[in-house]
Amino acid sequence: MSDITFTVDGQALQAKPNETILSAARRQGLSIPTLCHQDGLNPAGNCRACVVEIGGERALAASCCRQPREGMTVGLETARVRRSQSMVLELLAAKAPAEPHTLNSELTQWCEALEVGKPRFTQPAAPPADRSHPAISVHLDACIQCMRCVRACRDEQVNDVLGVAGWGADTRISFDADEALGSSSCVACGECVQACPTGALTPANGAALQAADAVVDSVCPYCGVGCQLSYRVKDNKVIEAIGRDGPANQGRLCVKGRYGYDYVSSDQRLTTPLIRREGLAKDPADIGRVRRGEVPLAALFREATWDEALDLAAAGLCQLRDAHANGSASPLAGFGSAKGSNEEAYLFQKLIRQGFLTNNVDHCTRLCHASSVAALLEGLGSGSVSNPVLDAKDAEVILLIGANPSSNHPVAASFIKNAVKAGATLIVADPRRAPMARFATHHLAFRPDTDVALLNALLHVIIAEGLTDPDFIAARVNGYEALRASVAECTPERMSEICGIAPEVLRDVARRYASAKSAMIFWGMGISQNVHGTDNARCLIALAMITGQIGRPGCGLHPLRGQNNVQGASDAGLIPMMMPNYQRIALPDIREHFEALWATPLDPQPGLTVVEIIHAAYEGRIKGMFIEGENPAMSDPDLDHARAALAKLEHLVVQDIFATETALLADVILPASAHLEKWGSYTNTDRLIQLGRPALTPPGQARQDLWIIEQLARRIGLSWHYWQAADGDGQLAAEAPTERVFEEMRAAMAPLAGVPWARLRREEAVVTPAPLEDEPGHAIIFEQSFPTPSGRAQLVPASFMPGPEQPDQDYPLVLSTGRVLEHWHTGAMTRRAEVLDALSPQPLLSMHAEDAAALRLDDAQAIVIASRHGTLQALLQISPEVRRGQVFLPFCYWEAAANVLTGSALDPAGKIPGFKVTAVRVQAL
């Protein structure tokens, strides 16, 4: 359709098809007042501040709702229009409080712009403020009932908390059934605060009345969605986070991104290098003693200068390296971080390989999506997602399995909910009834540990009923006949006996998925954190391949990444068997390429994984480690064993921003920079590489992570010069060394070939792979072929086998661990964020009401949870989300570290532990 020509006050304007008068006029520089309108929200037209006069029409029209016609004449600067707009603003201003609640009231700004004076109308009685919520203050005396907050909650985030109560003059915005905000079901995404034009809803910390010293654009440091945001900074502290219109979030944030920033200002930040006191043995029991305040940190460590700490750290590592064999027999290992930047991940793995002379380097993807990546590499030749989250809008059917995005990826969850409201069919497969089940056509609450049985039943139905895509299979898939033979006996009736889902439901789900014009699969750690996690992912790959549901908009496979840079850290080679860009270290041509690039011989043997390194440390084969930004003393399975292993190390160097549980077992602690204090690029779950900028200065003597890594490298004999004298002493953020590392990384990674640092700075976000600088990257991949030697996908059949953790008389319940909305990973950051910890301050074990009644347990009662591996204490939460025989415990609380309970049995291909299925018993404390 061609553009539409119309006139405003005699000036010719061009409108795009389906564009409103308001949008077209603003785009071409004209100013029209608005209050109920906000870009991104459906137009409402209820404030009438944007009215215009349309030729031939008697009534004024709301320009936010009207679309222009060819040749239409519009009057904006007419006396009638200005009189009406001024009256609307004056009536609304009469309701405004004498003392404003924000410095940026749009109502005040428009009154000043249209020279609306003091209102002539009586001000109504002011309702009391509601300060019951830790994050948000409610001031209904400033509310003009524009409904932007309601639409943001209902239409954008689809949380359905905000509504309208009362009638007549008592009409008011309300939360749930007219509850106080703090007592409501509000998830504190803050979308309503960002939408409010008058200060009726503001941050509880008073930020709305504070003028910022600076506003810094960056990217969220938490989950893999990669939300762009802006930090308002005052006196070297962040006072507010505001969602930016980034390609992954479109202005949206969740509670962690919006209110979880003040961990950087915690008084527990490490501010000086620390060295373990001489002669003091490492004792895992010190973790609890320090956390409970029984032993001060100073009793375990003394302060040191940077030179002393770095010299000691390097000397211990060099001594172990030089006194033992290198390569696969090396006594050294390193854990990098998926919370750090791409540049840090690349430089860290280079340090281990070039400086430690071993491939014993890994990070937390081994504990999150290693099985997914193993299956994707095996089947498709790439470990990346095929389509971005936003492709949910183009999906006819969405299968969400083993994932709880409402807690783990809330902004991604909002886009899936938007798709459902627009007509998509959502199928949720998960033993728990998490919030997304409310939007599902089917919730498949299968028995824990039976994923393969359920998925094989779907494959059986699709094949048996002829619902496959034969042309796609013939052109692009290998192994179909073996798959067909493997699932031939997996009828819905047989698999129903295993997974607990009715045969007719399994058939309906299979038919809906296979028959959809476009179907997309999202999965999370419920699929991957399992001893048969690779088999689970193989089945999902098979579903997409035999139905041709890949390589198109609204289709494909998307494992939701858990941490902000787990995709980028894996891309950059922070894994033991792969060089950057998933190039196998065992292949001679790959190894030779990096040997030439780094001028260093490389070991051809893949290194040990996270859990294997911990086992080797316990057995004395690994004697020294460098850990940057990881916390295995909280995240590893069989936690008592892991902590004992770390304590056995002869030399442990930890680089972090807090004295984490792992740092308390170190010999040297190096205080690092937080996400908000440095430059860096980060790759989200969509393969979108984005830029993080420094908003703050690190406290005390804390230094930039890149500087610390390089200083260690120099001291162990490497001639690195990324950080140069002109860049400073490493305390303040410097862009130049980050760019130098990025450009070297880009030269080694083909997907980044078209993304020089200058382009990233200019565009803020570039989807990869991006082979050419002057073209956009590929948001959808696998359109024509797969990056395998044959260009075809390889199906790998999977057979159901029960895992090692089966309930019995002694341990009758099945425990699953995971995250809660307010906290992230091991809690090192979020539990030091004031609002987040206030919203979720203590560990709660979720249990079905009938199980609790059978055990004579009450809600909020103190309990003991025991497994075959350990015991801990928590509080009971009776919850409808878990089914009978199942319990759930978050793993972010040091006082109830869930991984004390879990075992270390591994998936044979991905080498990931089975966190999701542990047999336990529960009793009163």
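Heads up: the structure comes first, above all this text.
What comes next concerns the included structure. A quick note: this is a predicted structure, and the numbers were derived from the prediction, not measured.

Each value, and the rule that gives it
- Residues numbered from 1 in each chain as written.
- Predicted model: local features only at pLDDT ≥ 70, side-chain atom pairs only at ≥ 80, totals over all residues.
- Heavy atoms only, no water.
- Helix = DSSP H or I, 4+ residues; strand = E, 2+ residues; numbered from the N terminus.
- Buried < 20%, exposed > 50% of the residue type's maximum accessible area, 1.4 Å probe, protein only.
- Areas by Shrake-Rupley, 256 points an atom, 1.4 Å probe, with all protein chains shown as cover.
- Lys, Arg positive; Asp, Glu negative; His and termini not counted.
- Charge placed at Lys NZ, Arg CZ, Asp CG, Glu CD.
- Axes fitted to C-alpha atoms, helices over the stretch in contact; angles between N-to-C directions.
- Parallel < 35°, antiparallel > 145°, perpendicular 65-115°, else oblique.
- Contact = heavy atoms within 4.5 Å.
- Nonpolar A, V, L, I, M, F, W, Y, C, P; charged D, E, K, R; others polar.
- Left-handed = near helix turned anticlockwise from the far one by under 90°.
- Salt bridge = Lys/Arg side-chain N within 4 Å of Asp/Glu carboxyl O.
- Patch = residues over 30% accessible without salt bridge, like charges linked within 9 Å, V, L, I, M, F, W, Y side chains within 5 Å.

So, on to the overall build of the protein. A count of helices and strands for the protein gives 29 helices and 37 strands. Taking the principal axes of the C-alpha coordinates as reference, the protein spans close to 90 × 70 × 65 Å. For the protein, the proportion of its 925 residues judged to be buried stands at 63%. In the form shown here, the protein has an accessible surface area of approximately 33000 Å², with 51% of it arising from carbon and sulfur atoms. Here the protein contributes 83 positively and 104 negatively charged side chains, and the mean placements of these two sets differ by 3 Å.

Our next topic: the packing of helix α4 (residues 148–156) against helix α12 (residues 410–421). Look at α4 against α12: their axes get within 9 Å of each other, and the N-to-C directions meet at 80 degrees. It follows from the interaxial angle that α4 and α12 lie roughly perpendicular. Residues Arg154, Asp155 and Glu156 of α4 form the contact with α12, whose participating residues are Ser414, Asn418 and Lys421. Class assignment of the residues belonging to the contact of α4 with α12 gives a composition of no nonpolar, two polar and four charged.

On to the packing of helix α2 (residues 79–93) against helix α3 (residues 106–113), then. Between α2 and α3, the least distance of the axes is 10 Å, while the angle of their chain directions is 135 degrees. What the angle tells us is that α2 and α3 run oblique. Handedness of the α2/α3 crossing: left-handed. Along its contact with α2, which presents Leu89, Leu92 and Ala93, the element α3 presents Leu107, Trp110 and Cys111. Taken together, the residues of the contact of α2 with α3 sort by class into six nonpolar, no polar and no charged.

Tallying each qualifying case throughout the model produces 55 salt bridges. Among the salt bridges present, the one from Asp155 reaches Lys421, with a minimum N-O distance of 3.8 Å. With Asp155 in helix α4 and Lys421 in helix α12, this residue pair connects regions lying 266 residues apart in the sequence. Note that Glu744 is salt-bridged to Lys350, the shortest N-O span being 2.9 Å. Here Glu744 is found in helix α26 (residues 735–748), whereas its partner Lys350 is found in helix α9 (residues 342–355), with 394 residues between them in sequence.

So, on to a nonpolar patch on the surface. Where nonpolar side chains cluster on the molecular surface, the patch consists of Met87, Leu91 and Phe121 and spans about 250 Å² of accessible area. On the secondary structure map, Met87 appears in helix α2. Judged by its relative accessible area of 34%, Met87 falls in the partly exposed class.

Our focus in this paragraph is helix α24 (residues 639–648). By the criterion of burial, α24 is predominantly enclosed, with seven of the ten residues buried. Residues of α24 that are buried: Leu639, His641, Ala642, Arg643, Ala645, Leu646 and Ala647. In this structure, the buried residues of α24 make contact with α7 (285–291), α22 (610–618), β25 (624–628) and α23 (632–635).

Of all nine residues that make up α4, seven are buried, and the element is covered over most of its length. Where α4 is buried, its residues meet α3, β7 (162–165), β8 (172–175), α5 (191–195), β9 (201–203) and α12.

That's the geometry; what it means functionally is another story.
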